[in-house]
Amino acid sequence: MPAERVNLAAPRHIAIIMDGNGRWAQQRFLPRAVGHHAGVKAVRKIVEFCAADPTCEVLSLFAFSSENWNRPAAEVSILMTLFLTTLQSEIDKLHKNNIRLRFIGDRTAFDAKLQQKMTEGEQKTKDNTALTLVIAANYGGRWDMTQACQTISARVAAGELSSHDINEAVINEHLCLADLPEPDLFIRTGGEQRVSNFMLWQLAYTEFYFTPILWPDFNQAALQEAITSFKSRQRRFGHTGDQIAALATP
Ligand code: IPE
Ligand code: IPE
Ligand code: MG
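Novice: Could you clarify how one ought to interpret the packing of aromatic side chains in this entry?
Specialist: Per the stated rule, a full pass over the model turns up 13 aromatic pairs. Between Phe 186 and Phe 210 the ring centres are 5.9 Å apart and the planes differ by 70°, which places this aromatic pair in the edge-to-face class. With Phe 186 in strand 5 (residues 185-188) and Phe 210 in strand 6 (residues 207-210), this residue pair connects regions lying 24 residues apart in the sequence. Measuring from ring centre to ring centre gives 6.0 Å for Phe 208 and Phe 210, while their planes differ by 65°; the resulting arrangement is edge-to-face.

Novice: I would appreciate a short explanation of unusual backbone geometry in the present structure.
Specialist: Both trends apply: most residues other than glycine have a negative phi, and most peptide bonds are in trans. Unusually for a residue other than glycine, Asn 197 sits at a positive phi of about 65°. In this fold, Asn 197 is placed in the loop between strand 5 and strand 6. Residue class for Asn 197 comes out buried when judged on its relative accessible area of 12%. A positive phi angle, near 35°, is found at Met 199, a position not held by glycine. Tracing the chain through its elements places Met 199 in the loop between strand 5 and strand 6. With a relative accessible area of 0%, Met 199 lands in the buried category.

Novice: Before we go on, may I ask you to explain the pairing of strand 1 (residues 13-17) in this structure?
Specialist: Taken residue by residue, a regular strand's side chains alternate between the two faces of the sheet. Of all five residues in strand 1, five are buried; the element is thus mostly enclosed. Side chains His 13, Ala 15 and Ile 17 project from strand 1 onto one buried face, and the interleaved Ile 14 and Ile 16 project onto a second face that is buried too. Strand direction decides the pairing type here: strand 1 and strand 2 (residues 58-65), joined by five bridges, are parallel. Opposite Ile 17, over in strand 2, you have Phe 62 as the bridge partner. As defined by bridge partners, strand 1 adjoins strand 5 across four bridges and the pair is classed as parallel. Within the sheet, the bridge partner assigned to Ile 16 lies in strand 5 and is Ile 187.

Novice: Mind showing me how you'd approach the site of ligand 1 here?
Specialist: By nearness alone, every residue bordering ligand 1 is listed as Met 18, Asp 19, Gly 20, Asn 21, Gly 22, Arg 23, Arg 32, His 36, Ala 63, Asn 68, Arg 71 and Leu 79. Arg 32 is positioned such that a nitrogen or oxygen atom in its side chain is 2.9 Å from an oxygen atom of ligand 1. For ligand 1, the protein covers 87% of the area, taking 380 Å² as the surface of the free molecule. With respect to the detected pockets, ligand 1 is housed in the largest pocket. Of all elements in the fold, only helix 1 (21-27) and helix 2 (32-52) reach the threshold of two or more residues within the shell around ligand 1. With three residues, helix 1 is the largest single contributor of residues to the shell around ligand 1. Split by residue class, the shell around ligand 1 holds three nonpolar, five polar and four charged.

Novice: Looking at this structure, how should I read the environment of Phe 83?
Specialist: Considering the arrangement of structural elements, one finds Phe 83 in helix 3 (residues 73-96). A sequence separation of 72 residues divides Phe 83 from Arg 155, and the C-alpha atoms of the two residues are 34 Å apart. Aside from chain neighbours lying at most four places away, what touches Phe 83 is Phe 103, Phe 110, Leu 114, Met 118, Ile 135 and Ala 137.

Novice: Sorry, what's going on with the packing of helix 2 against helix 3 here?
Specialist: Two quantities define a packed helix pair, namely the angle between the helix axes and the distance between the axes. At their nearest, the axes of helix 2 and helix 3 sit 11 Å apart, and the two run at 25° to each other. Between helix 2 and helix 3, the angle is such that the two are roughly parallel. Note on packing geometry: the crossing formed by helix 2 with helix 3 is right-handed. Contact with helix 2, carried on its side by Arg 32, Ala 33, His 36, His 37, Val 40, Arg 44 and Val 47, involves Glu 75, Ile 78, Leu 79, Leu 82, Thr 86, Glu 90, Lys 93 and Leu 94 of helix 3 and no other residues of that element. Among the residues forming the contact of helix 2 with helix 3, the class breakdown is seven nonpolar, three polar and five charged.

Novice: Would you explain the pattern of salt bridges in this entry?
Specialist: For side chains of opposite charge, pairing can occur when their charged atoms come near one another. Counting across every chain of the model gives 18 salt bridges. Close ionic contact of Arg 32 with Glu 75 constitutes a salt bridge, the shortest N to O distance being 2.7 Å. Residue Arg 32 is located in helix 2, and its partner Glu 75 is located in helix 3; the two are separated by 43 residues in the primary sequence. When the shortest N-O distance is used, the salt bridge between Lys 93 and Glu 90 registers 3.3 Å. With a gap of three residues between them, Lys 93 and Glu 90 both fall in helix 3, about one helical turn apart. What makes Lys 93 partly exposed here is its relative accessible area of 42%.

Thresholds applied
- Residues numbered from 1 in each chain as written.
- Chains lettered and ligands numbered in written order.
- Predicted model: local features only at pLDDT ≥ 70, side-chain atom pairs only at ≥ 80, totals over all residues.
- Heavy atoms only, no water.
- Phe/Tyr/Trp six-rings, centres within 6.5 Å; stacked < 30°, edge-to-face > 60°.
- Helix = DSSP H or I, 4+ residues; strand = E, 2+ residues; numbered from the N terminus.
- Buried < 20%, exposed > 50% of the residue type's maximum accessible area, 1.4 Å probe, protein only.
- Pairing = 2+ DSSP bridges.
- Near = heavy atom within 4 Å.
- Polar contact = N/O pair within 3.5 Å; in protein donor to acceptor, adjacent residues only side chain to side chain.
- Areas by Shrake-Rupley, 256 points an atom, 1.4 Å probe, with all protein chains shown as cover.
- 1 Å grid on protein atoms, 1.4 Å probe; cavity = no way out; pocket = protein on both sides within 12 Å on 5 of 7 lines; lining within 4 Å.
- Sits in = over half its atoms within 2 Å of the grid points.
- Nonpolar A, V, L, I, M, F, W, Y, C, P; charged D, E, K, R; others polar.
- Contact = heavy atoms within 4.5 Å.
- Axes fitted to C-alpha atoms, helices over the stretch in contact; angles between N-to-C directions.
- Parallel < 35°, antiparallel > 145°, perpendicular 65-115°, else oblique.
- Left-handed = near helix turned anticlockwise from the far one by under 90°.
- Salt bridge = Lys/Arg side-chain N within 4 Å of Asp/Glu carboxyl O.

Written out as structure tokens, the structure is:
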């Protein structure tokens, strides 16, 4: 590969759609719930890897979309229970490993006990510095933009902001991940090549990586492969390749 095509920088923010739990279980003639449990084990390994990587500052994981309520009630209920039990068992470990936990999405739809655990996890880990772990739960990119519009229009109505002041920076400020770097690398496991309403605004210039590996089988070597692919790309942000190469030359 020519040197000018190599993007030496490692991703600061990795965002993952963890897809394929159900198919992983079905291939083994097991209930889909077994796949979701296996998926949690894969999460642990990937979080560990990212926390140990000093260049990775943020790992965002899509755990439950605003559309996943459309699944059979029994599966939704299993996912909610798993969410709660996982938080109960993992928050202390995350804290010990200096990981900051953060949730994005409309949490008001969750039951009170779960909401309380989410807040507790965020409070306890808020000053940790090894990695920010963002869990998207009842999250949708359209929801995120809608809630930003609501807040901005309320500020305009209150006279705090004029409609002429609304620009990309103002919109960005009102979105969930305003204070974090945008995702550099987006990974979707499970073979589907779609965004499924994840971070629609934030993915504008993210590098996409799709793998057929089902989420429970996704491991550190597979993540390393995705990072290697990322590093081999030239991010141009609208410039020409030559302009970017010139910038990269000391
Ligand atoms: C992703 O795996 C987990 C959630 C959406 C909660 P799926 O459950 O979507 O697995 P497949 O796509 O059916 O295999
Ligand atoms: C996306 O996966 C959401 C999560 C991984 C949480 P889905 O399996 O729900 O996506 P679709 O329905 O195939 O687009
Ligand atoms: Mg799926």
